[in-house]
Amino acid sequence: MMTSANEYWRSLRVLNQLQIDWLISHGVPPLALGSAAHAPLKRFDDGVAVALEDAAGIYDVAHWHVKTRSISMYTDTGFALGESNIDNPGTYSFDGALKIHDEPLGWLKSGRAGIVIVDWSRCFDRLCSVPKVIVSSGLVETYKQAMQPETPEVFVAEERRAA
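Asks: Can you help me understand helix α2 (residues 17-25) in this one?
Replies: At 3.6 residues per turn, the α-helix brings residues three or four places apart onto the same side. Of the residues that open α2, the one with a side-chain oxygen 3.1 Å from the backbone nitrogen of Leu18 is Asn16. Two residues or fewer past α2, Gly27 is found with a positive phi of approximately 95 degrees.

Asks: Would you explain the pattern of salt bridges in this entry?
Replies: Where charged atoms from two side chains of opposite charge come close, those side chains can pair. According to the stated counting rule, one finds four salt bridges in the structure shown. The partner of Arg126 in a salt bridge is Asp87, and the shortest N-O contact between them spans 3.7 Å. Taken as a pair, Arg126 in helix α4 (residues 123-127) and Asp87 in the loop between β6 (80-81) and β7 (98-101) lie far apart in primary sequence, 39 residues in all. The class of Asp87 is exposed, set by a relative accessible area of 57%. A salt bridge links Lys132 to Asp95; its shortest N-O distance comes to 2.9 Å. Pair noted here: Lys132 is in strand β9 (residues 132-136) and Asp95 is in the loop between β6 and β7, with a separation of 37 residues, a long-range link. When its relative accessible area of 11% is taken as the criterion, Lys132 is described as buried. Classification of Asp95 as exposed rests on a relative accessible area of 64%.

Asks: Please clarify how the environment of Glu153 should be interpreted in this entry.
Replies: Here Glu153 lies in strand β10 (residues 153-157). Once the C-alpha coordinates of Glu153 and Ala97 are considered, the two residues, 56 residues apart in sequence, prove to be 9.0 Å apart. With sequence-adjacent residues up to four places away left out, Glu153 is seen in contact with Pro131, Lys132 and Val133.

Cut-offs and rules
Residues numbered from 1 in each chain as written. Predicted model: local features only at pLDDT ≥ 70, side-chain atom pairs only at ≥ 80, totals over all residues. Heavy atoms only, no water. Polar contact = N/O pair within 3.5 Å; in protein donor to acceptor, adjacent residues only side chain to side chain. Helix = DSSP H or I, 4+ residues; strand = E, 2+ residues; numbered from the N terminus. Salt bridge = Lys/Arg side-chain N within 4 Å of Asp/Glu carboxyl O. Buried < 20%, exposed > 50% of the residue type's maximum accessible area, 1.4 Å probe, protein only. Contact = heavy atoms within 4.5 Å.

In short, the description is geometric, and any link to function would need to be established separately.
Below, the structure is given as structure tokens:
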């Protein structure tokens, strides 16, 4: 029998110093590692675990396999990293938009603003009422295919390159 996501989350270890240093050296702000607003990142084997939570608590745990750049879910009930940002009115205030990142590192670097979609089959159901999205350039076609008919206003995020 599978333990609940909350119990599983409690069984995971905190990040070690090497992982913390790596994340910070890659531009992740310290508060994105864990704060009053976000459950702390944890570790499993060779990756980073992120709690997906709502008002009732932790309902799933995302596993970011750093080396392979893949993401898996513990219970497969989660749709995206940062899923709570979808229904947060603050995401869209002052002409804001929901940013859809192409990978967890970019999401963490943004301070966990926006989302990283894990289950594209649920994309339309979860995002059809979103007023405006900003999609990473590498995800535009995937997003358009998942959002038929395309509902929110879409902007493409241009990647910044070092000079």
